[in-house]
Amino acid sequence: MSVLAIGLSHRTADFHTLERAAVPAAELEKVLHELQQAEHVQEVMLLSSCNRVEVYAVVETFHGGLADVSEVLARQSGCPATALYDNLYVHYAGAAVEHIFNVASGLDSMVAGETQILGQVRNAYAAARDAGTVGRTLHELIQTTLRVGKRVHTETGLGQLGASVVAEALAAAGDVAGQHALIVGAGSMGALAASRLRKAGVGRITVANRTLARAERLARNIAEQGVPAAAMPMAGLAAAVAEADLVICCTGAKGAVLTADHVLPREDRPLVICDLGLPRDVDPTVTAVPKVGLVDLETVQHRIETYGTGGSSRQIARATGIVLDEVREYLAGQRSAAVTPTVTALRKRAAEVVDAELLRLDKRLPDMDTDVRDEVARTVRRVVDKLLHAPTVRVKQLAAETQGTDYASALRELFELDPASPVVVSSLTPNPQTDGETQ
């Protein structure tokens, strides 16, 4: 079993394609189950953010897993398979580990070094865990991934300046000091937008959300930070837009929640709408309304390509070095762990041989003193343990240090531990040709 990463992002696809491939929160569990039910997929997690859609799967074979996952993504997006394949990137085994470490560290983000992606990876894992599509392999990988992401940001300072898609969108929107901002969506992106608005000196904030309780919770948090804030249901969206100077939409809904019908013509002041949703939260026709400007993810990407953003080259180089070190350590640990069932089987085989020989001794010397018999047994077991100690320790070290050499297979072959079935070596039964009584 190996990890396969398949996805598309701002680096490989235009936003129209990304929008079609995005998986809304309401459909995430269904898509996860569809992926896991594929023939070659054992475990799966799906990460869908404002600029990427990625599947991490534990698969039996590379080509089988690739075909299974690609088929589900194509069906989910409604794109012709060939059109989607042209935008996909694929990473397998060690390359997949390196990729997710880079993603969690912010090194693959639109805004280099942004920290929000770490929370998005955590949320994607939690959703897959709740859906029952995560097993031991993905659990261990994601726990390590989260630790690596934290380490990169702590040791390099990446993200300390608060670089993010939200920050870039607000920079494109202009000066917001003293303005009235409307945030549509009370999730993590909405909370981040509120934080950036507060630092930019916004005058007041209104939060609109489909679930009013969540909007009220975010509004309370904003007010506690010193900015006047109120919550409202989505039913009053048009009235709230009319009062606002700036609207930030980040709902994660499947379709547009803000259309031209919600936006009235203005004569006295302009309105800037920031659409941070993928799929889009805002119908682009709003720009036909006088004095209304739209900042979307394509605007943000163009701004980044023009002006640059994120961490310094020194920070990025340091972060890349940390990721590579962590990848080597993780893969070494995986190789060492892969030998453990075989080592366990070898020790089990040795114990069974000792037990068989002691039983044969009892039959030949039935009158042996109990104390003597126990001492003989302890001695034989000590001899076997000492003989096995060095090779079993060394085989784990060699497996961790050396790529391309299958030491587990060598052990199974040398000690007849059923080399054709490495998965079940830890539950083997004695070989009657070698473990039974001989004359």
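Reading the values: rules and limits
Going along each chain's sequence as written, the residues are numbered from 1 onward. Given that the model is predicted, a residue must reach a pLDDT of at least 70 before its local features are reported, and side-chain atom pairs must reach 80 or more before they are shown or counted; all residues, however, enter totals for whole chains, interfaces and linings. Excluding hydrogens and water, the side-chain figures rest on all heavy atoms present in the structure. Strands are runs of DSSP state E lasting at least 2 residues, helices are runs of H or I lasting at least 4, and numbering of each runs from the N terminus. Whether a residue is buried, partly exposed or exposed follows from its accessible area with a 1.4 Å probe, protein chains only, as a fraction of its type maximum: under 20%, in between, or over 50%, in that order. Should any heavy atoms of two residues lie within 4.5 Å, those residues are considered in contact. Throughout, the Shrake-Rupley method with a 1.4 Å probe supplies accessible areas, and for residues the shown protein chains are the sole cover considered. Think of each axis as a best-fit line through the C-alpha atoms, taken over the contacting stretch in the case of a helix, with angles from 0 to 180 degrees between the N-to-C directions. Each angle receives one of four descriptions, namely roughly parallel if under 35 degrees, roughly antiparallel if over 145, roughly perpendicular if within 65 to 115, and oblique otherwise. Take the far helix as the reference: if the near one is turned anticlockwise from it by less than a right angle, the crossing is left-handed, and if turned clockwise, right-handed. Put simply, Ala, Val, Leu, Ile, Met, Phe, Trp, Tyr, Cys and Pro go in the nonpolar bin, Asp, Glu, Lys and Arg in the charged bin, and everything else, Gly too, in the polar bin. At least two DSSP bridges between two strands are needed for those strands to be called paired. For this document, the term salt bridge refers to a Lys or Arg side-chain nitrogen within 4 Å of an Asp or Glu carboxyl oxygen. Here, the term right-handed applies to a crossover whose path from the first strand over the helix to the second runs clockwise when the strands point away from the viewer.

Asker: Would you take a moment to explain the overall build of the protein chain for this structure?
Answerer: What the protein chain contains, in helices and strands, is 16 helices and 10 strands. Within the protein chain, buried positions represent 45% of all 439 residues. In the protein chain, the proportion of contacts linking residues at least 24 apart, taken out of those at least 6 apart, comes to 73%. Total accessible area on the protein chain is roughly 21100 Å²; 53% of this is exposed by carbon and sulfur atoms.

Asker: Please explain the packing of helix α5 (residues 94–104) against helix α7 (residues 136–156) as it appears in this structure.
Answerer: How two helices sit against one another is set out by the angle between their axes and by the gap between those axes. Relative to each other, α5 and α7 sit at 45°, their axes nearing to 8 Å. The orientation of α5 with respect to α7, classified from their angle, is oblique. When the axes of α5 and α7 are compared, the crossing they make is right-handed. On α7, the residues touching Val97, Ile100, Phe101 and Ala104 of α5 are Leu141, Ile142, Thr144, Thr145, Val148, Gly149 and His153. Its residues assigned to classes, the contact of α5 with α7 comprises 7 nonpolar, 4 polar and no charged.

Asker: So what exactly am I meant to see when it comes to unusual backbone geometry here?
Answerer: Backbone phi values are negative for most residues with the exception of glycine, while trans is the configuration of most peptide bonds. The omega angle of the peptide bond from Leu278 to Pro279 is 5°, so this bond is cis rather than trans. Following the sequence through the fold, Pro279 ends up in the loop between β9 (271–275) and β10 (292–295). The backbone of Ala93 shows a phi angle near 55°, a positive value even though the residue is not glycine. Positive phi is not limited to glycine here, since Lys291 has a value of about 65°. Inspection of the secondary structure puts Lys291 in the loop between β9 and β10.

Asker: Would you mind showing me how to read the packing of helix α8 (residues 165–173) against helix α9 (residues 188–199) here?
Answerer: Orientation of α8 relative to α9, taken along the N-to-C sense of each, is 50°, at an axis distance of 9 Å. The orientation of α8 with respect to α9, classified from their angle, is oblique. As α8 packs across α9, the resulting crossing turns out to be right-handed. Only Met189, Leu192, Ala193, Arg196 and Leu197 of α9 make contact with α8, whose side of the interface consists of Val166, Ala167 and Leu170. For the contact of α8 with α9, a count of residues per class yields 7 nonpolar, no polar and 1 charged.

Asker: Explain the sheet that holds strand β3 (residues 52–59) to me, please; I cannot follow it from the model alone.
Answerer: Sheets are built from strands paired through backbone hydrogen bonds, the pairs being either parallel or antiparallel. Read from one edge of the open sheet, 4 strands run β2-β3-β1-β4, paired in antiparallel fashion. Each edge of the open sheet is held by one strand with a lone partner, namely β2 (41–48) and β4 (89–92). Between one strand and the next, the sheet's axes are offset by a mean angle of 15°, whatever the strand orientation. Two elements, strand β1 (residues 2–9) and β3, share 8 bridges in a ladder whose sense is antiparallel. Bridge pairing links Ala5 to Tyr56 in β3. The strands touched by helix α3 (residues 62–77) are β1, β2, β3 and β4; relative to β1, the strand with the most contacts, the crossing angle is about 35°. Along the sheet, helix α6 (residues 116–131) contacts β2 and β3; its crossing angle with β2, the most-contacted strand, is approximately 140°.

Asker: I keep staring at the sheet that holds strand β7 (residues 229–233) and nothing clicks. Help me out?
Answerer: In space, the 6 strands of this open sheet follow the order β7-β6-β5-β8-β9-β10, with parallel pairing throughout. Taken across any chain shown, the strands that pair with only one partner, and hence form the sheet edges, are β7 and β10. Taking each pair of neighbouring strands and ignoring which way they run, the sheet shows an average axis angle of 20°. Bridge analysis of strand β5 (residues 180–184) against strand β8 (residues 246–249) gives 4 bridges, and the strand direction is parallel. Looking at the pairing, Ile183 lines up with Ile248 of β8.

Asker: Mind showing me how you'd approach the pattern of salt bridges here?
Answerer: Note that side chains of opposite charge can pair when their charged atoms are close. Inspection of every chain in the model, using the stated rule, returns 25 salt bridges. Between Glu34 and Arg75 there is a salt bridge, with its nearest N and O atoms 2.4 Å apart. One end of the pair, Glu34, is in helix α2 (residues 28–36); the other, Arg75, is in helix α3, with 41 residues separating them in the sequence. Judged by relative accessible area, Arg75 falls into the partly exposed class, the value being 46%.

Asker: So what exactly am I meant to see when it comes to the pairing of strand β6 (residues 204–209) here?
Answerer: Put simply, side chains in a regular strand alternate between the two faces of the sheet. Where burial is concerned, most of β6 is hidden: 5 out of the 6 residues are buried. In terms of strand pairing, β5 meets β6 through 5 bridges, oriented parallel. The partner of Val184 across the bridge, within β6, is Ala208. Handedness of the crossover joining β5 and β6 through α9 is recorded here as right-handed. Pairing of β6 with β7 involves 5 bridges; the strand directions are parallel. Bridged to Asn209 within β7 is Pro233. Each parallel crossover has a hand, and the one from β6 via helix α10 (residues 212–224) to β7 is right-handed.

Asker: Hey, could you run me through α8 in this one?
Answerer: Residue pairs three or four apart in sequence face the same way in an α-helix, which turns once every 3.6 residues. Extensive coverage of α8 is indicated by the burial of 7 of its 9 residues. Regarding α8, the residues found buried are Val165, Val166, Ala167, Glu168, Ala169, Leu170 and Ala173. Buried-residue contacts for α8 involve α9, β8, β9, β10 and α12 (297–307). Gly174 occupies a position one or two residues after α8 and carries a positive phi of about 100°.

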